[in-house]
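Residues per chain, in single letters:
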Amino acid sequence: MSEKLAKRRFGPLNAEVVTVGQGTWEIEASDRREAIKALQKGIALGMTHIDTAEMYGAGRSEEIVAEAIAGKRDEIFLVSKVLPSNASRKGTVAACEKSLKRLKTDRLDCYLLHWRGQYKLSDTIEAFEELKLAGKILSWGVSNFDEEDLDEALAIAGEGKIACNQVLYHLKERAIEHAVIPWCEKHSVAVVGYSPFGSRGGFPSASSAAGKVLQKIADEHSATPYQIALAFLTRHESTFTIPKAANPKHAADNAVGGHLKLTDEDLQRIDGAFPLGRRPSSLPMI
Ligand code: NAP
């Protein structure tokens, strides 16, 4: 099963990463054992890209991830994030060390600035480079960065340094297709879409016209609308997605979305049902 999951190069890295991974925001709010089972089920099915953050449950999500990946660290592409309020030159290094401790590991595969805050971007990037030199992170990236922020990061760091930009991307919120995806593809930066199901309760209703289109395509593939959404969101050469599932059945379903192939006609029907819309004045984020 795991070999069937689609993988692609993660931005400038030599690593091949599964396109459908696992998010962990608010996973600590669910039954702990079920949440760990869900993550482990996902890993067993090949969803080895795991996203967490120091912010999630004030570190409790990272502790749950540590338990779920125990004994399997080398199989995992592990990502965490520094809060903007900690992202000073020294604070970034200290925050990373705390995350490593909670995650019970000696390194992160990628470390992200969660969103832009009060500290100079150059300070955060210097700290990322220091962490890289020390082997505590293997790469770094950003999150919730629009085109102008990406230009600024690129001007500071140079080409080939920004591994990814993690941004909001689901069927009803496709704003990143205007400028962020083209920018990232031009500069070999991976695009990791978050909240692929519109987060809590945001998935298209089955009774809506667009929801019915999705259901029809799902029926034609013997799949679920959620799986179709994951396949649609990972159709670009640069895109990854990180659905969160605290329920093991959801995790198993999501893995199927990682190897579903949609036809050009399917893509056109989804595009028509969930139109791109105009470019908003600022990048939407949760
Ligand atoms: P999401 O993945 O869009 O949706 C999660 C919800 O969908 C949960 O209620 C989950 O239920 C349900 N679900 C999962 N798989 C399902 C399936 N196959 N069928 C039906 N329902 C399913 O929400 P998200 O947590 O907002 O986004 C995903 C991840 O992106 C986060 O966990 C986090 O890692 C990341 N994120 C990053 C940022 C950022 O600023 N960088 C912001 C938001 C999120 P159960 O939990 O009960 O299984």
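Above this text sits the structure in question.
Model, not experiment: these values are computed from the prediction.

(A) Structural context of the site of the ligand. Near the ligand there are 27 residues, and of these D51, S195, S199, K244 and H250 occur at the shortest range. The separation between an oxygen atom of the ligand and a polar main-chain atom of T24 is 3.1 Å. Separating an oxygen atom of the ligand from a side-chain N or O atom of H250 is a distance of 2.6 Å. Within the complex, the protein chains bury 89% of what would otherwise be the 900 Å² of accessible surface of the ligand.

(B) Spatial organisation of the packing of aromatic side chains. Inspection of every chain in the model, using the stated rule, returns 8 aromatic pairs. Their ring planes at 25° and their centres at 5.4 Å tell us that F128 and W140 sit as a pair that is stacked. Separated by 12 residues along the polypeptide, F128 in helix α4 (residues 121-133) and W140 in strand β6 (residues 140-143) bring together distant segments of the chain. According to the relative accessible area criterion, W140 is buried, its value standing at 0%. Grouping aromatic residues by their ring pairs yields a cluster made of F10, F77 and F240. Between R235 and the ring centre of F232, over which it is positioned, the NZ or CZ distance is 3.7 Å.

(C) Quick peek at the pairing of β6. Burial of the side chains of β6 extends over both faces: W140 and V142 are buried on one face and G141 and S143 on the other. Pairing of strand β5 (residues 110-113) with β6 involves 3 bridges; the strand directions are parallel. Considered in β6, the bridge of L113 is made with V142. The β-α-β motif built from β5, the intervening α4 and the parallel element β6 has right-handed crossover chirality.

(D) Expanded view of the pattern of salt bridges. Scanning the entire structure with this criterion turns up 23 salt bridges. Between R269 and E220 there is a salt bridge, with its nearest N and O atoms 3.1 Å apart. Here R269, found in helix α10 (residues 264-273), pairs with E220, found in helix α7 (residues 209-220); they are 49 residues apart in sequence, far enough to count as distant. Residue R269 is classed as partly exposed on the basis of its relative accessible area, which comes to 23%. With relative accessibility at 44%, the residue E220 sits in the partly exposed group. The salt bridge partner of D266 is R269, with a shortest N-O separation of 3.5 Å.

Conventions adopted
Residues numbered from 1 in each chain as written. Predicted model: local features only at pLDDT ≥ 70, side-chain atom pairs only at ≥ 80, totals over all residues. Heavy atoms only, no water. Near = heavy atom within 4 Å. Polar contact = N/O pair within 3.5 Å; in protein donor to acceptor, adjacent residues only side chain to side chain. Areas by Shrake-Rupley, 256 points an atom, 1.4 Å probe, with all protein chains shown as cover. Phe/Tyr/Trp six-rings, centres within 6.5 Å; stacked < 30°, edge-to-face > 60°. Helix = DSSP H or I, 4+ residues; strand = E, 2+ residues; numbered from the N terminus. Buried < 20%, exposed > 50% of the residue type's maximum accessible area, 1.4 Å probe, protein only. Lys NZ or Arg CZ within 6 Å of the ring centre and 35° of its normal. Pairing = 2+ DSSP bridges. Right-handed = clockwise from strand over helix to strand, strands pointing away. Salt bridge = Lys/Arg side-chain N within 4 Å of Asp/Glu carboxyl O.

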